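So the chains spell out like this:
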Amino acid sequence: MKATVWAGRNSVEVREVPDPSILSRRDAIVRITSTAICGSDLHLVDGYIPTMQNGDVMGHEFMGEVVEVGPGVPPDRLRPGDRVVVPFPIACGACAACASELYSCCENSNPNAGIAEKMFGHPVAGIFGYSHLTGGFAGGQAQYARVPFADVGPLKITSDLSDEQVLFLSDILPTGYMGAEMCDIQPSDVVAVWGAGPVGQFAMDSARALGAAAVIAIDKEPYRLRMAAEAGHIPVDFTEVDVRSQLLELTGGRGPDKCIDAVGMEAVHGASHIHAYDRLKQAARLETDRPHALRQAILSCRSGGIVSVIGVYGGFIDKFPAGAWMNRALTLRTGQCHVHRYMQPLLERIERGELDPTRIITHRLSLDEAPHGYDIFKNKQDDCEKVVLTP
Amino acid sequence: MEVTGTTTIRRPVSEVFAFWRRLENLSMFMEQLDDVRTTGERTSHWRSSAPFGRNVEWDAEITEDVTGERLGWRSSAGAELPNAGVVIFAPAPDGISTEIHVAMEYDIPGGEAGKAIAKFFGDEPSQQLDDDLRRLKQLLETGEIVRSDGAPWGKRAREEFPQRPAQPLTPEERKEVLGS
């Protein structure tokens, strides 16, 4: 089959690889009908997530048709012919983490848990196409994928919703939604979201769906800010204004009640000397992540507010504003999304027309064009917000 | 040398104890063990290929057997690698799970064999036991040892990096990995 593979830093290729097969009793094989490139895939391409290997199949946002199931998958749960969306974390459904609906912290789905444990203190779940640290599972930017614990993860789609309407249930819609949910949104809340990429856009839509009074979008790309404004959110361009001052202005001096970091480890700072400081430390591997958005969110949030982090961090950061965080009684909440928890309720929101995930799609390409898709998405060319690939 | 390890398994104490007490099961998750055969009420025969690159066999006897609480064993006189172990089973505070605490002791001999063993255990002698316990947890909680494309070997962990790339196995590799 054809698959998008990691071919070294800054290099993605479409190659011919073996077809997947059932390796474990609870596996399914899915013929992929739609898949997408995620912002977190760029962290892999840019070389910031360790333990990638040449030939790793990429992609953790995918859906398709079940073509084969292992003997451990009950037929009433999944059978060939079913149309499914696959959540990006792999979860066993039986451990204490899964029992607490902390699916992205599954204790059994990562065969390389020993390595993850050394890096993070405790292991994390397996993730499709996302380095050997999270298991070394082949991803879904391909024609077929093997889905372990298929009796737990995949969401069956029985209605006639299109692929584009449900594909993002695999990751970015639940991720954005969880970012907003962690904010415990009250009707009087002003919510500020750093990053108007796909996850940020969905965090904004979710904050509004959960009842926020107003939602602010912080980014520097005019097309992303335009997209947020068209959806009814308030755009702030951090290259044109001082973000903290602007946020005070927009909130009568209070600061946003809730702040969401939908940027993560490769943030860009509006002041070039501050950006250079962290970029240099990152290049020299003195810190692994550039935390501008997180620092700014903490400093901007009103006292007693919540800072919700859904942007991906992989290692260590410097100059964490612990003083602001502690003295102003802020709550920091975070996590890789526990996708399984949100798929069904968000599917129902899509069916009711409360959320429209298709609004962020700007590019529809074939799998063969994946390297081009990565290129324009990474370099923010051609107003690229979200690339959907068809195998 | 003493090696200790612990894990919590979301299964009842009775089940976890019974699984371990059936010593034949140990080779399902302990990477070094090829097989264990019960030879009497308290005696068993153990066979291992790793870490020595050749077969090592020894007899062992159960020294403590308190159902649902404690299981101890030691190798019989004359074993090439004298060893002993004890596992303590205890209910976890959640009222559902079982904590197991393992302590194993190896009497590492001198000479070439001793060097090979010391080298195998390396700087982190507990890593092997940690990985074994992780596989035990997978077996009891999910029914099997998890396999990925990059690490498809199941019990034969081969965690050294680089692993094979995270792409599907060829039919030949699949046959090697699954043995069928």
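Residues numbered from 1 in each chain as written. Chains lettered and ligands numbered in written order. Predicted model: local features only at pLDDT ≥ 70, side-chain atom pairs only at ≥ 80, totals over all residues. Heavy atoms only, no water.

### Looking at the overall build of chain B
- When helices and strands are counted, chain B shows 4 helices and 7 strands.
- Each of the 180 residues in chain B was classed as buried or not, and the buried ones make up 48%.
- By sequence separation, contacts in chain B at least 24 residues apart represent 44% of the contacts at least 6 residues apart. (Helix = DSSP H or I, 4+ residues; strand = E, 2+ residues; numbered from the N terminus. Buried < 20%, exposed > 50% of the residue type's maximum accessible area, 1.4 Å probe, protein only. Contact = heavy atoms within 4.5 Å.)

### A closer look at the sheet that holds strand β10 (residues 190-194) of chain A
All names here are of chain A.
- Spatially, the 6 strands line up as an open sheet ordered β12-β11-β10-β13-β14-β15, and their pairing is parallel. Both outer strands of the open sheet, β12 (234-237) and β15 (331-334), are each paired with one neighbouring strand and no more. If you compare each strand with its neighbour and ignore which way they point, the axes differ by 20° on average.
- Two strands pair when backbone bridges link them, and strand β14 (residues 306-309) and β15 are joined in this way by 4 bridges, in the parallel orientation. Its bridge partner lying in β15, valine 307 is registered against leucine 332. (Pairing = 2+ DSSP bridges. Axes fitted to C-alpha atoms, helices over the stretch in contact; angles between N-to-C directions.)

### Section: the domain arrangement of chain A
All names here are of chain A.
- Each domain of chain A was delimited in the assignment, giving domain 1 (2-171 + 337-390) and domain 2 (173-334).
- Contacts between the two partners involve 34 residues from domain 1, matched on the other side by 31 residues from domain 2.
- For the pair domain 1 and domain 2, the summed buried surface comes to about 2800 Å²; carbon and sulfur atoms form 60% of the total.
- Of all residues in domain 1, Tyr48, Arg359 and Glu385 give up the largest surface area on contact with domain 2, accounting jointly for 27% of the area buried on that side.
- Remark: the boundary between domain 1 and domain 2 carries 4 salt bridges.
- Taken together, the connections running from domain 1 to domain 2 amount to 11 residue pairs in polar contact (both at pLDDT 80 or more).
- Within the residue set of the side of domain 1 that touches domain 2, elements represented by two or more residues are α1 (39-45), α3 (113-120) and α12 (339-351).
- Considered class by class, the residues forming the side of domain 1 that touches domain 2 number 19 nonpolar, 5 polar and 10 charged. (Domains from an automatic or database assignment. Buried area = accessible area lost by both parts, 1.4 Å probe. Salt bridge = Lys/Arg side-chain N within 4 Å of Asp/Glu carboxyl O. Polar contact = N/O pair within 3.5 Å; in protein donor to acceptor, adjacent residues only side chain to side chain. Nonpolar A, V, L, I, M, F, W, Y, C, P; charged D, E, K, R; others polar.)

### Here's the deal with the packing of aromatic side chains
- As enumerated under the stated definition, the model contains 10 aromatic pairs over all chains in all.
- Aromatic pair A:Phe168 and A:Phe202: ring centres 6.0 Å apart, planes at 45°, arrangement tilted. Highlighted residues: A:Phe168 in the loop between α4 (163-166) and α5 (172-181) and A:Phe202 in helix α6 (residues 198-209), separated in sequence by 34 residues. By the burial criterion, A:Phe168 is buried, and A:Phe202 matches it.
- Each residue in the set B:Phe17, B:Phe19, B:Trp20, B:Phe29 and B:Phe89 is aromatic and connected to the rest through ring pairs, giving one cluster. (Phe/Tyr/Trp six-rings, centres within 6.5 Å; stacked < 30°, edge-to-face > 60°.)

### Some details on the nonpolar core
- Formed by 70 residues in total, the largest nonpolar core has its most connected members in A:Val166, A:Phe168, A:Leu169, A:Leu173, A:Val193 and A:Ile260.
- Summarising the domain contributions, this core has at least three residues from each of domain 1 (2-171 + 337-390) and domain 2 (173-334) of chain A.
- With sequence-adjacent residues up to four places away left out, A:Val193 is seen in contact with A:Gly200, A:Ala203, A:Met204, A:Val215, A:Ile216, A:Ala217, A:Ile218, A:Ile260 and A:Ala262.
- Judged by nonpolar contacts, the second largest core, of 34 residues, contains B:Phe29, B:Ile100, B:Met104 and B:Leu133. (Core = buried A, V, L, I, M, F, W, Y, C linked by side-chain atoms within 4.5 Å.)

### Focus on the pairing of strand β4 (residues 56-66) of chain B
All names here are of chain B.
- Bridge count for strand β3 (residues 43-48) against β4 is 6 bridges, and the pairing is antiparallel. Residue pairing across strands places histidine 45 opposite aspartate 59, the latter belonging to β4.
- Bridge count between β4 and strand β5 (residues 70-75): 6 bridges; the pairing is antiparallel. Residue pairing across strands places glutamate 61 opposite arginine 74, the latter belonging to β5.

### Description of the sheet that holds strand β6 (residues 83-91) of chain B
Residues and elements named next belong to chain B.
- Read across the sheet, 7 strands follow the order β1-β7-β6-β5-β4-β3-β2 without closing on themselves; strand pairing throughout is antiparallel. Since the sheet does not close on itself, it has two edges, and those belong to β1 (2-9) and β2 (33-38), each with one partner. Averaged over all adjacent pairs, the angle separating strand axes in this sheet is 20°, with direction ignored.
- Contacts from helix α1 (residues 13-21) reach β1, β4, β5, β6 and β7 (98-106), with the element oriented near 165° to β6.
- Sitting on the sheet, helix α3 (residues 126-142) is in contact with β1 and β7, with an inclination near 25° to β1.

### Some thoughts on the pattern of salt bridges
Residues and elements named next belong to chain A.
- All chains considered together, the criterion is met by 33 salt bridges over all chains.
- Between arginine 333 and aspartate 184 there is a salt bridge, with the nearest N and O atoms lying 3.6 Å from each other. Remark: aspartate 184 occurs in the loop between α5 and β10 and arginine 333 occurs in strand β15; sequence separation between them is 149 residues.
- The partly exposed category is assigned to arginine 333, whose relative accessible area is 33%.
- One salt bridge in this structure joins aspartate 383 and arginine 226, with 3.3 Å as the shortest N-O distance. Residue aspartate 383 is found in the loop between α13 (370-378) and β17 (387-390), and its partner arginine 226 is found in helix α7 (residues 222-230); the two are separated by 157 residues along the sequence.
- A residue is classified by how much of its surface remains accessible, and aspartate 383, at 38% relative accessible area, is partly exposed.

### Remarks on the interface of chain A and chain B
- Across the contact, 41 residues belong to chain A and 29 residues belong to chain B.
- The salt bridge involving A:Glu117 is made with B:Arg134; its shortest N-O contact spans 3.2 Å.
- If you look at where chain A meets chain B, you find 20 residue pairs in polar contact (both at pLDDT 80 or more).
- Considering each element in turn, the side of chain A that touches chain B owes the most residues, 5 residues, to α3(A).
- A class-by-class count of the residues in the side of chain A that touches chain B yields 19 nonpolar, 14 polar and 8 charged.

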